[in-house]
Amino acid sequence: MKQLLLQYKSVFFVFFSALTYVFLGYFVARESFNLLFSLYTVTFIAFYFLYTSSFSERQLFAFGICFRIILLFCLPFWSQDFYRFIWDGRVLLSGISPYEFKPNDIISNVPILQSHELYEKMGSLSASHFSNYPPVNQFLFAIVAFLSPKSIFFSAFFLKVFIFFSDIGIYYFGKKLLQLLLVETKNIFLYFLNPLVILELAGNAHFEGVMLFFLILGFYFFFLNKWILAAFCIALSVSVKLLPLLLLPFIYQRLGFKKSFFFCLVVILFNCILFLPFLTNTLIQNYSDTIALWFVNFEFNASFYYLFRTIGYWIKGYNTIGIIGKITPIFAVIMILFFALVKENRKPYSFFRNSLFALTIYFFISTTVHPWYLINLLVLSLFTKFRFVIVWTYTVVLSYYAYSQIPFQENMVFLFLEYGIVIGVLYYDFFKINKNKRLALSNNLKE
């Protein structure tokens, strides 16, 4: 009887998850924060029960696929970035480089369909800047434009198809990498069933999924000691999103100076080759200026940066993002080099643990932390014993409160809750892991 009740309970959570994804994908705007956060909480509770249920891994995989299929047919609902993706693809297909012209500069005469709708819906911030998406992203956007030159709906659908198959690739090679490194393979479902992953990738069409597929594939080859194949995969990952560049120093201890030098050379040269079709006199200037904006212009869901900014107001009397935004990247690089070169990284566990810590510090001091950025930390955490990122993938949705306010305004109490809980769980992770180490050491000594 008890077994039957547990079975009904599990089926209930599967059904309720599917129903909640339908509502979040098709009926709940990001401005409706109370309803959004309530339903997201339901999906997270269901995620916990599914992960700890007696379902087989094959069944859990099927549930993850079903949840993603539900969101394939809705327009992205928490982000307007996909309008810029479609714009870039159609502009590129028409022979214009998205690195050469801002949407603001060409909206009056750009030769693409639905240009004014895309321009208006991408937002004034995106429209006033050159594209910051690397070449592989642009090629994928162009394929979408070729497949759907007249429909925004079908363009969004094809964007999601790329991400859908990338997620399957992450599942497949992520599981193989977990097996290779003798880590519990069920960890992959902390990613594959995670509501933030499903909603932000399958639902909102963010290309972190494509980037992480190439990154996981690169890690898989790297730990198989096929470092040339690994370098090409990581190069492709960088050419979707630049973030994996921050992880390159972590290869040094396993490969040594000579091999790691050529590894990085392959990554950089391959990316330079991918940029060649876009080469103009202003490419480097335009692209570097656009990337710099993330450090000195944009602010969203930050933690320690807001503390630094408040201190800056007290001292200077104005927003010191221009100063802080130039200092924090230097500090981030120092911390990354410390974890990569000073800490021990030869063993796979320490490689992923220290990579996770370095990127966590990077996000803690960043001026902008969109919810989908955390998916990068989530993937790294699968290969460690740290679970604070799982909690963060829940609390980060508190940041969406800002979109429910007119004008747009963040709630500092919610941000304090988000980061306070995460830092508390991070401390607990350290305490629990160190306690287990001491117990294991004590037992070994007794034996």
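Residues numbered from 1 in each chain as written. Predicted model: local features only at pLDDT ≥ 70, side-chain atom pairs only at ≥ 80, totals over all residues. Heavy atoms only, no water.

(A) Structural view of the overall build of the protein chain. Along the backbone of the protein chain there are 21 helices and 0 strands. Against the globule reference of 22 Å for 447 residues, the protein chain gives a C-alpha radius of gyration of 22 Å, in line with a compact fold. Projecting the C-alpha coordinates of the protein chain onto the three principal axes gives extents of approximately 75 × 55 × 50 Å. Looking at the 447 residues of the protein chain, the share that counts as buried comes to 54%. Counted over contacts in the protein chain with a minimum sequence separation of 6, partners at least 24 positions apart contribute 76%. For the protein chain, the accessible area works out to roughly 20600 Å², and carbon and sulfur atoms hold 69% of it. Taking the average place of the 33 positive charges on the side chains of the protein chain and the average place of its 19 negative ones, the gap between the two points comes to 12 Å. (Helix = DSSP H or I, 4+ residues; strand = E, 2+ residues; numbered from the N terminus. Rg over C-alpha atoms; globule rule 2.2 N^0.38 Å. Buried < 20%, exposed > 50% of the residue type's maximum accessible area, 1.4 Å probe, protein only. Contact = heavy atoms within 4.5 Å. Areas by Shrake-Rupley, 256 points an atom, 1.4 Å probe, with all protein chains shown as cover. Lys, Arg positive; Asp, Glu negative; His and termini not counted. Charge placed at Lys NZ, Arg CZ, Asp CG, Glu CD.)

(B) The arrangement of the packing of helix α4 (residues 81-93) against helix α6 (residues 115-122) in detail. Relative orientation of the contacting elements α4 and α6 amounts to 140°, with a least axis distance of 8 Å. By the angle between their axes, α4 is oblique relative to α6. For the pair α4 and α6, the crossing hand works out as left-handed. Here Y83, R84, I86, W87 and R90 of α4 come into contact with α6, specifically with S115, L118, Y119, K121 and M122. In the contact of α4 with α6, the residues fall into 6 nonpolar, 1 polar and 3 charged. (Axes fitted to C-alpha atoms, helices over the stretch in contact; angles between N-to-C directions. Parallel < 35°, antiparallel > 145°, perpendicular 65-115°, else oblique. Left-handed = near helix turned anticlockwise from the far one by under 90°. Nonpolar A, V, L, I, M, F, W, Y, C, P; charged D, E, K, R; others polar.)

(C) Representation of the pattern of salt bridges in the model. Under the counting rule described, the total for this entry stands at 7 salt bridges. Across the salt bridge formed by R84 and D88, the nearest N and O atoms sit 2.8 Å from each other. Taken as a pair, R84 and D88 lie in helix α4 at a separation of 4 residues, close to a single helical turn. Each member of the pair, R84 together with D88, is buried. (Salt bridge = Lys/Arg side-chain N within 4 Å of Asp/Glu carboxyl O.)

(D) A look at the nonpolar core. Membership of the largest hydrophobic core comes to 140 residues, with the highest contact counts inside it found for W87, L159, Y191, F207, F263, F352 and W392. Among the elements that line this core, the one with the most residues is helix α12 (residues 208-223), at 13 residues. Not counting residues within four places of it along the chain, the set of residues in contact with L159 comprises F82, F85, I86, F141, V144, A205 and F207. In this structure, A302, Y306, I321 and L415 belong to the second largest nonpolar core, which totals 6 residues. (Core = buried A, V, L, I, M, F, W, Y, C linked by side-chain atoms within 4.5 Å.)

(E) Just the environment of V42, in detail. Inspection of the secondary structure assignment puts V42 in helix α2 (residues 33-51). Along the primary structure V42 and P195 are separated by 153 residues, whereas in three dimensions their C-alpha atoms are 9.8 Å apart. With near-sequence residues (within four places) excluded, V42 lies in contact with F16 and T20.

(F) Quick peek at the packing of aromatic side chains. All chains considered together, the criterion is met by 74 aromatic pairs. Here the aromatic rings of F37 and Y394 are separated by 5.5 Å at their centres, their planes lie at 35°, and the arrangement is tilted. Taken together, the positions of F37 in helix α2 and Y394 in helix α20 (residues 388-395) put the pair 357 residues apart, joining distant regions of the chain. Residue classification places F37 among the buried positions, given a relative accessible area of 17%. Residue placement shows R68 over the ring face of F192; its charged tip is 4.0 Å from the ring centre. The ring of Y51 has K186 lying over it, and the distance from NZ or CZ to the ring centre is 5.0 Å. (Phe/Tyr/Trp six-rings, centres within 6.5 Å; stacked < 30°, edge-to-face > 60°. Lys NZ or Arg CZ within 6 Å of the ring centre and 35° of its normal.)

(G) Representation of helix α9 (residues 152-180). Compared with the 42 Å implied by 1.5 Å per residue over 29 residues, the 42 Å span of α9 between its first and last C-alpha is a close match. Capping the start of α9, S151 holds a side-chain oxygen 3.4 Å from the backbone nitrogen of F153, two or three residues further along. Just downstream of α9 lies L182, where phi reads positive at about 60°. (Expected span 1.5 Å × (residues − 1). Polar contact = N/O pair within 3.5 Å; in protein donor to acceptor, adjacent residues only side chain to side chain.)

(H) Summary view of α6. All of the buried residues in α6 are S115, L118 and M122. One side of α6 carries all its buried residues, which in axial view fall inside an arc of 70°. Where α6 ends, the next residue or the one after it, G123, has phi of about 95°, a positive value. (Arc of directions from axis to C-beta.)

(I) Structural context of a nonpolar patch on the surface. A cluster of nonpolar residues, F12, F15, F16, L19, F23, Y26, F27, I69, F73, L75, F153 and F154, forms a patch on the protein surface that exposes about 1100 Å² of accessible area. Taken together, the elements giving at least two residues each to the nonpolar patch come down to α1 (2-26) and α9. With 6 residues, α1 is the single largest residue contributor to the nonpolar patch. With respect to the helices and strands, L19 occurs in helix α1. (Patch = residues over 30% accessible without salt bridge, like charges linked within 9 Å, V, L, I, M, F, W, Y side chains within 5 Å.)

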